Amino acid sequence: MSGNTKTLGEFIIENQASFKYSTGELSKLINAIRLAAKVVNHEVNKAGLVDILGASGETNVQGEDQQKLDVMANKKFIQTLTNREIVCGIASEEEDDFISINSLDNNHQNKYVVLFDPLDGSSNIDVNVSVGTIFSIYRRVTPIGTPVSIEDFLQPGRNQVAAGYIVYGTSTMLVYTTGHGVNGFTLNPAIGTFYLSHPDMRYPEDGKIYSMNEGNYVHFPEGVKRYIKYCQQEEGDRPYTSRYIGSLVSDFHRNMIKGGIYIYPKSNAAENGKLRLLYECNPMAFIAEQAGGKASDGFTRIMDIAPTELHQRVPFFCGSRNMVTKAEEFMQQS
Ligand code: AHG
Ligand code: MN
Ligand code: MN
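From a predicted model like this one, the values you see are computed outputs, not experimental measurements.

Caption draft 1: Here's a closer look at the overall build of the chain. For the chain, the helix and strand inventory stands at eight helices and 15 strands. Taken over the C-alpha trace, the chain has a radius of gyration of 19 Å; the compact-globule value for 334 residues is 20 Å, and the two agree within 12%. For the chain, the C-alpha atoms occupy an extent of roughly 65 × 45 × 45 Å along the three principal directions. Taking all 334 residues of the chain together, the buried fraction comes to 55%. Taking contacts inside the chain between residues at least 6 apart in sequence as the whole, the part at least 24 apart equals 66%. Summed over all atoms, the accessible surface of the chain reaches about 14100 Å², with 47% contributed by carbon and sulfur. Counting 31 positive and 38 negative side-chain charges, the chain places the centres of these two groups 5 Å from one another.

Written as structure tokens, this is what we have:
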């Protein structure tokens, strides 16, 4: 922590003035996420001691088995945001549809919607490997004073006002951006306070780590296959090192600190890959770009894609700028 004593709470207040027309609403919202993160962190840390491991027996709208911690994290985030009446709408990877917050007493005056992946990397829960939470915040496009509608959520990623993630790892960190760079805060669990431990995080322009599920190699597009061979060639600073945790948040976090590329391509089995544009790719793309990195679907900037549905999936190439550009070259040749 190199002597950093600034708390996340203090940082939020200090930076409130940097938002145009700030009314403090976004600050309150980030404070609520900070609280939900602590609650989920507490639950995740008890996994194995209480009956919270394993499948819940339900599947989500995308046909994936929900884990008990998926359900718990989803509930905690929704409760925290709903109780405080600071958003007008919520969309979650674990909910079939978006939720309109009926704050009748303030007549739908809130202006932000939040989209999130409450628990990312849920296949890692039962084996004590890092998981995360990802969130993305937009200003609504429908008029204040009316209930939210689908177009408030289907905005291109470049419209994001803020985005971040929490990684429940060897320590718990909250990393976020409001469009003025990326800052990382580490939780001191003894006193329940996040401290600014990683100010102004920067993605190295180059890296030596490639992260992808190579078990799916036979199903990958030709461009990705050739890029993998390029990573493995002995030349210059190659071969690169392969690291794949299987939690996007954790793989991204490591690559942002050390330099690297994360790829979840389309495959013969999944024509748009696996990751979700709204809950995973857009927020990570915003953070990556704010740190000097890059995110694309192999051809197009992620944040320029116009979403057509809430649970839309998209191929994802994200990481150090020069590495993503190189991978795109291979894609374009195929
Ligand atoms: P989630 O747990 O929210 O469904 O996300 C899992 C995602 C992502 O975190 C990870 O990088 C990827 O799925 C792993 O997929 P594979 O097991 O297919 O490699
Ligand atoms: Mn996820
Ligand atoms: Mn998830």
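Caption draft 2: Looking closely at the environment of I78. Here I78 is to be found in helix 3 (residues 68-83). A C-alpha to C-alpha distance of 33 Å links I78 and S267, two positions 189 residues apart in sequence.

Caption draft 3: Broad picture of the coordination of the manganese ion (ligand 3). Protein coordination at the manganese ion (ligand 3): the donors are E93 (OE), D117 (OD) and L119 (O), at 2.2 to 2.3 Å from the metal. The sequence pattern formed by the donor residues of the manganese ion (ligand 3) is E-x23-D-x1-L. Here the manganese ion (ligand 2) and the manganese ion (ligand 3) are spaced 3.7 Å from one another, each receiving a donor from D117. You can see E93 sitting in the loop between strand 3 (89-92) and strand 4 (99-100) and its partner L119 sitting in strand 5 (residues 112-120), a full 26 residues away along the chain. The buried category is assigned to E93, whose relative accessible area is 4%.

Caption draft 4: Seen up close, the sheet that holds strand 15 (residues 316-319). The five strands lie next to each other as 12-11-13-15-14, forming an open sheet whose pairing is mixed. Only two strands of the sheet have a single neighbouring strand rather than two, namely strand 12 (241-242) and strand 14 (294-296). Two elements, strand 13 (residues 260-264) and strand 15, share four bridges in a ladder whose sense is antiparallel. What sits directly across from Y262, in strand 15, is C318.

Caption draft 5: Spotlight on the site of ligand 1. Inspection of the region around ligand 1 gives 17 residues, with D120, Y244, L248, Y262 and Y264 positioned closest. Interatomic distance of 2.5 Å between a side-chain N/O atom of Y244 and an oxygen atom of ligand 1. A distance of 2.6 Å separates an oxygen atom of ligand 1 from a polar atom in the side chain of Y262. Every element with two or more residues in the shell around ligand 1 is listed here: strand 5 and strand 13. Considering each element in turn, the shell around ligand 1 owes the most residues, three residues, to strand 5. Residues that form the shell around ligand 1 fall into these classes: six nonpolar, five polar and six charged. Summarising the domain contributions, the shell around ligand 1 has at least three residues from each of domain 1 (8-198) and domain 2 (209-333).

Caption draft 6: Looking closely at the packing of aromatic side chains. Counting across every chain of the model gives 13 aromatic pairs. Pairing F11 with Y176 gives two aromatic rings, centres 6.4 Å apart and planes at 85°, and the pair type is edge-to-face. One end of the pair, F11, is in helix 1 (residues 8-15); the other, Y176, is in strand 8 (residues 172-177), with 165 residues separating them in the sequence. Judged on exposure class, the residue F11 and its partner Y176 are both buried. Ring centres 5.5 Å apart and planes at 40° place the aromatic pair F77 and F116 in the tilted group.

Caption draft 7: Up close: the coordination of the manganese ion (ligand 2). Ligation of the manganese ion (ligand 2) by protein atoms is provided by D117 (OD), D120 (OD) and E280 (OE), these donors lying 1.8 to 2.2 Å from the ion. Considered as a linear motif, the donors of the manganese ion (ligand 2) on their single chain read D-x2-D-x159-E.

Caption draft 8: Region of interest: the pairing of strand 3. Side-chain alternation along strand 3 places G89 and A91 on one buried face and I90 and S92 on a second face that is also buried. The pairing of strand 3 with strand 4 spans two bridges and is classified as antiparallel. Bridge pairing in strand 4 links I90 to I99. Once strand 3 ends, the chain turns through six residues before running back antiparallel as strand 4. Pairing analysis gives four bridges linking strand 3 to strand 5, with the strands arranged parallel. Paired with S92 across the bridge in strand 5 is F116.

Caption draft 9: Quick peek at unusual backbone geometry. Residue P239 is bonded to the preceding R238 through a cis peptide linkage, with omega at 5°. Structurally, P239 is set in the loop between helix 5 (222-232) and strand 12. Even without being glycine, N128 reaches a positive phi, approximately 60°. With respect to the helices and strands, the residue N128 is situated in the loop between strand 5 and strand 6 (131-139). In the Ramachandran plot, D200 falls in the positive-phi region, its phi being about 45° despite a non-glycine side chain. Tracing the chain through its elements places D200 in the loop between strand 10 (193-198) and strand 11 (209-211). Given the relative accessible area of 46%, D200 is considered partly exposed.

Calculation criteria
Residues numbered from 1 in each chain as written. Chains lettered and ligands numbered in written order. Predicted model: local features only at pLDDT ≥ 70, side-chain atom pairs only at ≥ 80, totals over all residues. Heavy atoms only, no water. Helix = DSSP H or I, 4+ residues; strand = E, 2+ residues; numbered from the N terminus. Rg over C-alpha atoms; globule rule 2.2 N^0.38 Å. Buried < 20%, exposed > 50% of the residue type's maximum accessible area, 1.4 Å probe, protein only. Contact = heavy atoms within 4.5 Å. Areas by Shrake-Rupley, 256 points an atom, 1.4 Å probe, with all protein chains shown as cover. Lys, Arg positive; Asp, Glu negative; His and termini not counted. Charge placed at Lys NZ, Arg CZ, Asp CG, Glu CD. Donors = N, O, S within 2.8 Å, 3.2 Å for Na, K, Ca; no water. Pairing = 2+ DSSP bridges. Near = heavy atom within 4 Å. Polar contact = N/O pair within 3.5 Å; in protein donor to acceptor, adjacent residues only side chain to side chain. Nonpolar A, V, L, I, M, F, W, Y, C, P; charged D, E, K, R; others polar. Domains from an automatic or database assignment. Phe/Tyr/Trp six-rings, centres within 6.5 Å; stacked < 30°, edge-to-face > 60°.

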